[in-house]
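Coordinate analysis (summary)
This is what each chain is made of:
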Amino acid sequence: MSLELSGVGVTIAGRQVVRDVTCTLPTAGWLGVLGPNGAGKTTLLRAVAGLVEHRGSVSLDGSTTAEM
């Protein structure tokens, strides 16, 4: 399974907390999301899961699962 993010961004209460994340993640392996407190790590994961409204697209195996 491959995951592709294209221009993913999240704005909460008028504040942009995640901006233009674009990446392609490989089929297998481990991934770590690192950053300081309040950097938007959890918000990015929530956007990928479709739990928060976001811009850009999230594709799983070439099928777009979320786009706004």
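Description of the structure in this document. (Residues numbered from 1 in each chain as written. Predicted model: local features only at pLDDT ≥ 70, side-chain atom pairs only at ≥ 80, totals over all residues. Heavy atoms only, no water.)

On to the overall build of the protein chain, then. Assigned secondary structure in the protein chain consists of 1 helix and 4 strands. Along the protein chain, helices and strands appear, N-terminal first, in the series β-β-α-β-β. Against the globule reference of 11 Å for 68 residues, the protein chain gives a C-alpha radius of gyration of 12 Å, in line with a compact fold. With the principal axes as the frame, the protein chain shows a C-alpha extent of 35 × 25 × 15 Å. For the protein chain, the proportion of contacts with a sequence separation of at least 24, taken over those separated by at least 6, is 47%. For the protein chain, the accessible surface area stands at approximately 4,800 Å², while carbon and sulfur atoms represent 53% of it. The averaged location of the 5 negative side-chain charges in the protein chain is 16 Å from the averaged location of its 5 positive side-chain charges. (Helix = DSSP H or I, 4+ residues; strand = E, 2+ residues; numbered from the N terminus. Rg over C-alpha atoms; globule rule 2.2 N^0.38 Å. Contact = heavy atoms within 4.5 Å. Areas by Shrake-Rupley, 256 points an atom, 1.4 Å probe, with all protein chains shown as cover. Lys, Arg positive; Asp, Glu negative; His and termini not counted. Charge placed at Lys NZ, Arg CZ, Asp CG, Glu CD.)

Here we take up helix 1 (residues 41–49). The complete set of buried residues in helix 1 reads T43, L44 and A47. Down the axis of helix 1, the buried set is contained in an arc of 100 degrees. They therefore lie on one face. Opposite its buried face, helix 1 presents the exposed residues L45 and A49, each directed more than 90 degrees away. Positive phi shows up at G50, right after helix 1, with a value of about 80 degrees. (Buried < 20%, exposed > 50% of the residue type's maximum accessible area, 1.4 Å probe, protein only. Arc of directions from axis to C-beta.)

Moving on, we come to the pairing of strand 1 (residues 3–12). As judged from the 7 bridges shared by strand 1 and strand 2 (residues 15–25), these two strands associate in the antiparallel manner. From the neighbouring strand, L5 faces strand 2, where its bridge partner is C23. In this antiparallel pair of consecutive strands, strand 1 and strand 2, the connection spans 2 residues, and A13 shows a positive phi of 50 degrees. Summarising the sheet, strand 1 and strand 3 (residues 55–60) pair through 5 bridges and their orientation is antiparallel. Directly across from L5, in strand 3, lies its bridge partner V58. (Pairing = 2+ DSSP bridges.)

What follows covers the environment of L60. Relative to the assigned elements, L60 resides in strand 3. With a relative accessible area of 34%, L60 lands in the partly exposed category. Taking C-alpha positions, L60 is 9.9 Å from L25, a pair spaced 35 residues apart along the chain.

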